Every structure is written in structure tokens, then in C-alpha cells.
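Spelled out, the chains give:
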Amino acid sequence: MEFPPTVPITYSIAGCSEHSGKYVAENIRVDKPLDQSSRWSGAYQAGNVKQWMLLKTEELCVLKSVTFGKFHRAHPCNMKEFKLLVGLTESNMTEVLHAGLKNDSVPETFLIRYTNSDAVPFPTRYLKIVPLSAHGQSFHTSIWYVSLSGIVDQPFVEQVHLRHEEHQETVILRYILKHLRQRRLLTPYQEIISRAFPETSSSASSPYLSTNPFEHPTLTQLHKSLVLQGDYPVAETLLSSCASQGLLSEAILQFQPSAEWSRIDSDALKEEFMQTDEVNEHPTPRIKPSPRGGHAMCLDRANGLIYMFGGWDGRKSLDDFWVMNVRERQWRLISTSRNSSGDIHPGPRACHKMVFDDNTGDIYLFGRLDEGVSVDPPAPHTTITTTAASRLSEGASPASLPLPGSPPSGNGSSPPPAGNPSPAIYPWSTPWSAEFFRYHTRGGQSGKWELISRNTSAEHGPPLIFDHQMVIDTTSQMIYVYGGRVVDGDWESIKYSGLYSYDIKTGRWKMLNSPDNSSTHPFIPSRFGHSMVLEPSTQTLFIFAGQRDDGYLSAGGPDACFTQRALIDTDLREIYVLCGLTKGPPGALSVLEKDSPYWIYRYKRPDQPGKWTKILSLSSPPNKPEPTVGPAPLPRYAHQAVYDNETKTIYMHGGNAGLEKDTEDVVRSGGDGDDDSRQSAPPATRDIGVGTDARREERHVVGGDGEENRLDDFWSLRLKRPDSIDIVRRGKYIIRQQRFRELCEDDVPVKALSYLKTEVSAVVNHSDPDEGSLFRSLLSHLLTPSFAKQHDASSSLASGPSAAKGRSRPDTPSNGIDEDATMTDSDAEPSSSGVTTPISSSVLLTLRLFEEDPSETRAQGEVPPPSAARYRQRTQVFEELLQFVNEDVRQPDRDLLELINIDQMGQEI
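This one's a predicted model, so the numbers in the text were calculated from it and none came from an experiment.

S.K.: Just to check I follow, could you spell out the overall build of the chain for this structure?
M.R.: In terms of helices and strands, the chain carries 16 helices and 44 strands. For the chain, the proportion of contacts with a sequence separation of at least 24, taken over those separated by at least 6, is 67%. For the chain, the accessible surface area stands at approximately 40800 Å², while carbon and sulfur atoms represent 51% of it.

Structure follows, in C-alpha cells:
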């Protein structure tokens, strides 16, 4: 759909909450920034009093943006936090924005959502503005000026309106169709399909082979074969057909993946990293980066090259610039500041960031923390937590950091003392210069560094920071920098940086989000040691985790982390997180997770909540967390990682695994021992944010003579998921379980047992403990009387597929009602007093819903229809199989009953 141009939209005031004095709502239609009376102001100061303003557009429109004008200077009454709701009527409105305004004189424009969760545009006639707070405490909230923009082209808007109504009808009908078929109301089910979708309906003689928006026709056939006919061989064939048609491809991603690690520079390949010295005739290591943490990496996907710069090796910050040829598995040293022949070259640094521009082949580098610059105030003001945080991101073990007031360590394992920064490398460089570099890998300047800016803070960009995040949008040629701790020599308070953009084409910086708490809402707390990735198609930044002050911030899936690494696959809509230091419950120490500290965040749309899933170790089944023998990297922090979207491969290098002594113990033990992965993590990795005494005790416990185990290993990670063949096998296992249960009910035990030992066993993965346990539990069905005639009449299928998961047998009886028995209005049950009481009408309705439908005999001929209880059993099996099918071709996951809250409606339907 091609959208017409966006134009200003005329509106009127349809209503508002009580206003204060002469500050009426009509004032917001005129922009008079110099007139203090030209505004609307609410009558109440309290934030708990709901205030609102309702705008009505002159005609139906597609509303795309709202602009708020302001007074010519900051004002305490300026609206800070607010919500926007839109709708076709006043009584049915949807929230489309929850944001806030800065307290300044600059007008702000907000793009609002005008499509639903299925990306279908919707029209608008009413806009409700709900102020939530003002910038000044105990002040009335004021709105000075509002203008609207969107599409008013009436033929287009009418088309949008019609398409949106059709979409609503389709969605509602899909829920109704699922509900009818679940309850075995097959006649109205087919009647709706034939009338609502006549062009896609099949002939009346074969009503269950229809093609309709409700589901893919192969699934309709699967329901007929499995649920109505009990033809299990045909059902298995149809399941295989689903796989061949690609109907399982998207659902495969929903399964919990396993990590398949491969060490690129492993000990087994040690000889590849050795060469003979022609003079001394002794083998010497082939050139490769030294162990480090806090370095930066970026990936040239087209050429299979990974670039790496700097880092902290435990004694000094580094300035070496390397490239790894992934295809040849070989490192090459490009340059250092000492061999740059007087050319521009970044100086030693750690905790910086790099990004690669796929379009131009340029590398951008920003930020630093070198060994001569301390971000902590001198003792006695230094706290343990602050000191630890200043070097943990470089890979310094907490056990190696100096205590408050203690002299600097002389063993070279800790950073130099606070105070004087290192001398400037270039005459124009200052200790607090926020230098911005570019390296050219192509063209006439190939192999040269370029200084883009000597100090970005003087050009409306970020100050000198470390432990920030930086991403690039190669399409729009924009770089985004967010967070990090500010290094400016002012030790009175910890400072954080905000969100900035850098336009590569114009060379200009712009602040997008201030680090000030009182600036805007929703406020994104500034932080450092966090993660940030870009979803370019929707221009969305994902920001999560990190540290602010003394606390770790949680992302909702992994425990609160510091220096974790995140990478995004925009094709699969997945974010991969490699955890760093993890903080447990309040009062607990920070640890390195021993057992699979890797996660996936899957999202359907960036503006909707996604789902976190833990990545399993290939050698660690879900019910056996202790890792066994197999190649896998040590848990670490201050490492670096990049992602190749083409090969679906993560590359990880370096970092800190704690103290050498403790790491060796973990490696030798193979991870066995304590079941609690937190307790068995290397003690040297624990954050020392609990006071000086605990810090001294920690050094004693780990043996302070140990050396930090900085790493130089290089790994690749690919996620292993079940393929379509395995998915079909799992589906057949589910189908054959149901067939076995029915044999137990309908046939002699010997035949059922033979089927279990041959047909069911053939599709079981006996190496999987869960599948094996479930298989053995099926034997209990041979000892249980008929289930089909014993069912809980009060249960329902309202929970959908989730009710079927993990089910190895049907529901057990609770009230002895025989669902196969003929029920009449006179049916009754005796009470405890012996008086006969009628069965409630709701129970009778539930029982009759699942009885044979008149259409079944005509549709199936000689095939006997299933009993009510068996129909429900098979329906559960069918919906359990749907978890393997792509969401866009199956019936809705939720049930109709979940969409209707009778209790809130005040009356029953």
C-alpha cells in the first residue's frame, strides 16, 4: 500500500477535564510561545487525579505524529510525562504512546503507532491526551500548543478503514471458528466458513478440505484424519507433508537451542601457531594477540575479517590493531602507535568501542580508559564498588583491585594509582579528549587512520567515556552511542553519558536522550557495561542490562549482568546474549555463571514484548545441568564478540576468567561437584561491593597470590536446533502415544504392548531422558481401565495447546459422570442427604457440546464417530501438534474464552 503525503490535520476540542482559571483547552490550537496565558492548565496538582483532553479531527484520518509546542523558556508547569490514545469513538480507544517532554523551549514531535500488531494501518477520529506529571512538583500541568500530522486523503483513508474492519472481522471469526471446532459444533463451523469465505470453501461433499484464513488446508485435513476419523497413518503422512511444505520452518526457532562451540585456536591446533626460528632453531609462537579484556572488535562480513583493537592485559592498556581472517584462521598485526611511522594512530585504551561500515569499509573507534586515567576519586573517598567497577570491564579481577587507601600493587596486575593521567600522545591531545577515529580498509586511504574529531564534546557529541555502546546503521549512515561513564577529572560524583547520533554524511553529532533524570519520560536510566543492538528495518534500539551506581540492571531473562555481550540477527528476529558478571539476590556476591551463561531474546516486533530462552550446552541436557566432557569456553567477563549474519556464527575472543588457581580447579574437575553453579563459580570473579572487611576476607579465601587468568582464546558458536526431520519424529511420537492409549481401551493388552514396543519405541529418542521417562510411563495405561468413559465434565479446552503439553494420559475422573450416557432434562444426581438434585444447566451444556455433530456421519460415511471424551482427547493431541507449526498458518493460540472477561462485564453472556 502506497501512502499519500503527510499533511497537517485540523482538529477541534471534543472535551477535557476541569481546567484552571482562564487556561482553557481552546488555547492549545494556537501557537503563542511568548504568551504565558496561551495554554491549557489542569485544575489539579495531584498526580493521582486523572486529567485529560479529547481532540476530534475534522475528518477521518491516519494520524502519524503529534507535535507539542512550548513556552519560550523553561517553565515548571510544562507537561513532563503523558500518554496518547486514539480511536474511532470516544468509548473505544487504544494507547499508542507513553512518553515525555523536555523542560525547554524547543517543540517536540512524536511519531505515534498507526498500525496494529499485524501491521495493518488503522484510521483515527479521536485523540486523547492524558497528562501524568509536570516538571515542577506541586504545579498544575500545562499544555501550550498541539499540532497533528497524518494522512487525510479520503479515498486512501476509506480504503484503510475498510481494510481494518475486514481484518477485525477475520480475527474475530478465527477465534469463533476455533471455539466451535473445539466444542465439536462442526455444522455452524462449516456454515461460517462457507458464508464468510465462499471463494475459498470446498464442495459440500468434502467440508473438511476447505482452504480458508482460519488455517492451512493441510492442517484442516490433519484435524479430519486425526480427530474425527482416528486414521493415524494418514495423520503421520500429513505431518510429513507439513514439513515438506515449509509449515514447520518458523516454529523450529521456538525450540530451546544448544550451543555448539568450536575453538579456532585450540590446543589441538597448537602446531599451526608454531614456526621455527631460523637463527636459534627453536620453535617460537606464531604472532597472535596477547591475553586481554576490555578490547573492541568489529566484523567485515563480506571478507570474513574480524578487526580487534587495544584492551587491558593486566599491566597496561594496549594499542595494537589486529585482523583475524576467519576463513584462513590466521591473525595479522596491522599496526601499533609505535610503528605507525608518524601517522595518526589511536593511543593505548580499553573499554572503547568499534563499528564497521559495510558500505564503505570504514571502521569507527570511540571512547577509552587508559592505565593513567582513573575514574575514581582518591582515597579516602574511594569505595570498593566504585574501584571495582572502574576496571572490571577491562578484565581486572576484583581480587586484584587495590583497597581504599592502600598503595598501588607492585606486581603489575592492577592499574596504576589514581591521579595523573598518562602523557598525551599527540600535541593536540589532552587527558580528557573525546577523540573519534576512522580507519579505512578500502580505497586510496586504505590502511590509514583518520582523526575525525579531536574532542566530540566540543561538537555537541558525547564526552570522553568508557564502557559505552556504539552501533551503526549502514543504510542511513548513522552511528548511535549510548551510556558509559564520563571521564573528566571531576571525582565528586559519578557521571553517565546519554544517547547520541552521529550523521556520517554531514559529520554532525546530536543528543537524542539526556542522561539527566528530570529530562524526559520514559526515562532510560544511563548506565555503563550494558548492551545495545540496532534493528535497522524499524529503526529500533534495544538497550538492556549494565550497571548504574552500585546496582546491576536486569534485562528480564538472564540475571542482572555487567559486561555481557549482545548480538542481533534481524532476519531471525533474535538477540544473543553472552553473560558476564552476574549478580544474584540482594546480599549475594557477583559470580560467573558456570552452566551455559548464554541466552536468546526472540521478538516478533520490536515494539512488542519478546521471549527469553536459555541456550543449553550440547553436553548438558535440560535435566542435567552439570557439564560433561566437551569443548566449551570458560565463563568470563570483559570479553568481546561479533556476529556473522550470513553464516549464523558468533565469534568470541578473550576476557577474564578469574584467578588462574581457581580456573584450573574448575577445568580439572570438569565442572562436577556442587549442583549450584553459582557456588562453584571461581571466587575471584565476585564483585567486591560489600565493604572493605569482606574484601580482605575475599583475598584470603581465594589466595591473593594467584594470577588473573586473562584469556587469548578465540571461539566460534553456532546454535543447534532440531530440524524438520526431528520435528516430524516428535510429532509422530505424540500421535502414536494417543494410538497406544486407544488400543489399551479398545483392544487386548498384548496387542497394545506389541504396538508400544515396536511402533512407539521406533520414534522415541531414548538418549533424551525426558522422552525415555515418558515412554516408560506409558506402561501404566495397560493397568488402567477405560479412560474414554471416565472424564472430568468440569474441565475444558480453554487453555488450548498449553493444556496438552507434557500430558501422557487423559484427565482422571473426579465426579463419575459418564459422558457417553444419554442425557435428558430429567438427568439428576443424588445429594449427600439422599435428595435428588438436578445437574446444573452449564454442566449439561458442557457435556452436550462434545457429542456427535450431525455433519459427521454425512462427511465420513462408514467411519464411526469418536465418543465425546475421545474427541476431546484427540483435540488436545491435535493442538499439541500445532506447537510445531508456523504461527501464520495455524489457528489462534489463544481461546475465545480468554478474550472475554465476564467478571468485569458485570453480567454473564
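S.K.: Help me out: how do you make sense of the pattern of salt bridges in this one?
M.R.: Two side chains that carry opposite charge are able to pair once their charged atoms sit near each other. Under the counting rule described, the total for this entry stands at 37 salt bridges. The closest approach of N and O atoms between R602 and E250, which form a salt bridge, is 3.8 Å. Taken as a pair, R602 in strand 37 (residues 598–602) and E250 in the loop between helix 4 (232–244) and strand 11 (258–263) lie far apart in primary sequence, 352 residues in all. Using a relative accessible area of 31% as the deciding quantity, one classes E250 as partly exposed. A salt bridge links E435 to R368; its shortest N-O distance comes to 3.7 Å. Of this pair, E435 sits in the loop between helix 5 (384–392) and strand 20 (436–440) while R368 sits in the loop between strand 19 (362–366) and helix 5, placing them 67 residues apart in sequence. Note on accessibility: E435 and R368 belong to one class, buried. When salt bridges that share partners are traced, they join E250, R573, E574, R602 and R721 into one network.

S.K.: Can you walk me through the pairing of strand 7 (residues 108–111) in this structure?
M.R.: Here is the key point about a regular strand: its side chains alternate between the two faces of the sheet. Covered by surrounding structure in strand 7 are E108 and F110 only, the residues T109 and L111 on the alternate face being uncovered. Summarising the sheet, strand 4 (residues 53–69) and strand 7 pair through four bridges and their orientation is antiparallel. Its bridge partner being in strand 7, T67 is matched across the sheet by T109.

S.K.: Just to check I follow, could you spell out the nonpolar core for this structure?
M.R.: Residues L222, L226, L248, L881, F884 and V885 are the most contacted members of the largest nonpolar core, which totals 30 residues. Counting only elements with at least two residues in this core, the list comes to helix 3 (217–228), helix 4, helix 8 (724–746) and helix 14 (868–881). When neighbours within four sequence positions are excluded, V885 is seen to be in contact with L219, L247, L248, A251 and R890. One finds C61, M79, L84 and L127 within the second-largest nonpolar core, a separate group that totals 28 residues.

S.K.: Is there a simple way to explain unusual backbone geometry in this structure?
M.R.: Excluding glycine, a negative phi dihedral is what most residues carry, and trans is how most peptide bonds are arranged. In this structure, A119 takes a positive phi of about 65° despite not being glycine. For A119, the position within the fold is in the loop between strand 7 and strand 8 (124–134). In the Ramachandran plot, C351 falls in the positive-phi region, its phi being about 60° despite a non-glycine side chain. Structurally, the position occupied by C351 is in the loop between strand 17 (330–335) and strand 18 (353–356).

S.K.: Can you help me understand helix 4 in this one?
M.R.: Three or four residues apart is the spacing at which side chains of an α-helix point the same way, because the helix has 3.6 residues per turn. Between its first and last C-alpha, helix 4 extends 19 Å over 13 residues, near the 18 Å set by a 1.5 Å rise per residue. Looking at the buried positions of helix 4, the neighbouring elements they touch are helix 3, helix 8 and helix 14. At the exit of helix 4 stands G246, carrying a positive phi of roughly 80°.

S.K.: Sorry, what's going on with the environment of R125 here?
M.R.: Summarising the element assignment, R125 is placed in strand 8. Among the residues examined, R125 registers a relative accessible area of 24% and is labelled partly exposed. Taking the C-alpha atoms as reference points, R125 and L88, 37 residues apart in sequence, are found 4.9 Å from one another. Residue contacts for R125: discarding those within four places in its chain leaves L55, K56, T57, E58, E59, L60, G87 and L88.

S.K.: Any chance you could explain the sheet that holds strand 23 (residues 469–473) here in plain terms?
M.R.: Think of a sheet as strands paired side by side through backbone hydrogen bonds, with each pair either parallel or antiparallel. One open sheet accounts for four strands, arranged 23-24-26-27; its pairing is antiparallel. On the outer flanks of this sheet lie strand 23 and strand 27 (508–513), each paired with one strand and no other. Neighbour to neighbour, the strand axes of the sheet diverge by 20° on average, direction disregarded. Inspection of the sheet shows strand 23 paired to strand 24 (residues 478–482) by five bridges, in the antiparallel sense. Considered in strand 24, the bridge of I472 is made with I479.

S.K.: Whenever I open this one, the packing of aromatic side chains confuses me. Can you help?
M.R.: Between two aromatic rings, the relevant description is the distance of the centres plus the angle of the planes. Tallied over the entire structure, the rule returns 36 aromatic pairs. Measuring from ring centre to ring centre gives 5.8 Å for F309 and W449, while their planes differ by 75°; the resulting arrangement is edge-to-face. Remark: W449 occurs in strand 21 (residues 449–453) and F309 occurs in strand 15 (residues 305–312); sequence separation between them is 140 residues. No difference in accessibility class separates F309 from W449, as the two residues are buried. Pairing F366 with W509 gives two aromatic rings, centres 6.1 Å apart and planes at 45°, and the pair type is tilted. With a gap of 143 residues between them, F366 in strand 19 and W509 in strand 27 connect regions that are remote in the sequence.

S.K.: Sorry if this is basic, but what is going on with empty space enclosed by the protein here?
M.R.: For the coordinates displayed, the defined rule picks out seven cavities of 30 Å³ or more. By volume, the largest cavity is sized at about 60 Å³. Listed by contribution, the elements that provide at least two residues to the lining of the largest cavity are strand 4 and strand 9 (142–143). In terms of residue class, the lining of the largest cavity is made up of six nonpolar, three polar and two charged.

S.K.: What is the right way to read the sheet that holds strand 18 from this model?
M.R.: Sheet architecture is open: four strands sit in the order 18-19-20-21, paired in antiparallel fashion. Where the open sheet ends on each side, the last strands, each with one partner, are strand 18 and strand 21. Each adjacent strand pair in this sheet contributes to an overall mean axis angle of 25°, direction not counted. Note: strand 18 against strand 19, four bridges, orientation antiparallel. The residue of strand 19 that forms the bridge with M354 is L365.

S.K.: Help me out: how do you make sense of the side chain of S501 in this one?
M.R.: Note that S501 resides in strand 26 (residues 499–503). Every residue in contact with S501, bar those within four places of it in the chain, is listed here: M478, I479, Y480, R508, W509, K510 and L512.

S.K.: Just checking my understanding: could you explain the pairing of strand 29 (residues 540–544) for this structure?
M.R.: Across the two faces of strand 29 the burial differs, with T540, F542 and F544 buried and L541 and I543 not buried at all. Bridging between strand 28 (residues 531–535) and strand 29 involves five bridges; their strand directions are antiparallel. Across the sheet, the residue bridging to S531 is F544, located in strand 29.

S.K.: Looking at this model, I keep getting lost on the packing of helix 1 (residues 154–182) against helix 14. Mind explaining?
M.R.: In a packed pair of helices, the relevant descriptors are the angle between the two axes and the axis-to-axis distance. At their nearest, the axes of helix 1 and helix 14 sit 11 Å apart, and the two run at 140° to each other. Classed by the angle they form, the pair helix 1 and helix 14 counts as oblique. Residues K178, R181 and Q182 of helix 1 touch helix 14, and the partners they reach there are Y871, T875, F878 and E879. Across the contact of helix 1 with helix 14, the residue classes tally to two nonpolar, two polar and three charged.

S.K.: Whenever I open this one, the environment of P633 confuses me. Can you help?
M.R.: Note that P633 resides in the loop between strand 39 (616–617) and strand 40 (640–644). The exposure class assigned to P633 is buried, which follows from its relative accessible area of 10%. P633 sits 24 residues away from A657 along the chain, and the two C-alpha atoms are 9.7 Å apart. Sequence-distant contacts of P633, defined by excluding residues within four places in its chain, comprise W261, Y598, M652 and W715.

S.K.: Teacher, can you tell me more about the environment of G443 here?
M.R.: Secondary-structure assignment places G443 in the loop between strand 20 and strand 21. Taking C-alpha positions, G443 is 8.9 Å from G361, a pair spaced 82 residues apart along the chain.

S.K.: Hey, could you run me through the packing of helix 8 against helix 10 (residues 769–777) in this one?
M.R.: At a minimum axis separation of 12 Å, helix 8 and helix 10 run at an interaxial angle of 15°. The angle between helix 8 and helix 10 places the two elements in the roughly parallel class. Crossing angle aside, the handedness with which helix 8 passes helix 10 is left-handed. Where helix 8 abuts helix 10, its residues R729, R730, Y733 and Q737 lie against E771, L774 and F775. Grouping the amino acids of the contact of helix 8 with helix 10 by side-chain chemistry returns three nonpolar, one polar and three charged.

Calculation criteria
Residues numbered from 1 in each chain as written. Predicted model: local features only at pLDDT ≥ 70, side-chain atom pairs only at ≥ 80, totals over all residues. Heavy atoms only, no water. Helix = DSSP H or I, 4+ residues; strand = E, 2+ residues; numbered from the N terminus. Contact = heavy atoms within 4.5 Å. Areas by Shrake-Rupley, 256 points an atom, 1.4 Å probe, with all protein chains shown as cover. Salt bridge = Lys/Arg side-chain N within 4 Å of Asp/Glu carboxyl O. Buried < 20%, exposed > 50% of the residue type's maximum accessible area, 1.4 Å probe, protein only. Pairing = 2+ DSSP bridges. Core = buried A, V, L, I, M, F, W, Y, C linked by side-chain atoms within 4.5 Å. Expected span 1.5 Å × (residues − 1). Axes fitted to C-alpha atoms, helices over the stretch in contact; angles between N-to-C directions. Phe/Tyr/Trp six-rings, centres within 6.5 Å; stacked < 30°, edge-to-face > 60°. 1 Å grid on protein atoms, 1.4 Å probe; cavity = no way out; pocket = protein on both sides within 12 Å on 5 of 7 lines; lining within 4 Å. Points joined across faces, edges and corners; volume = space filled by probe spheres on them. Nonpolar A, V, L, I, M, F, W, Y, C, P; charged D, E, K, R; others polar. Parallel < 35°, antiparallel > 145°, perpendicular 65-115°, else oblique. Left-handed = near helix turned anticlockwise from the far one by under 90°.

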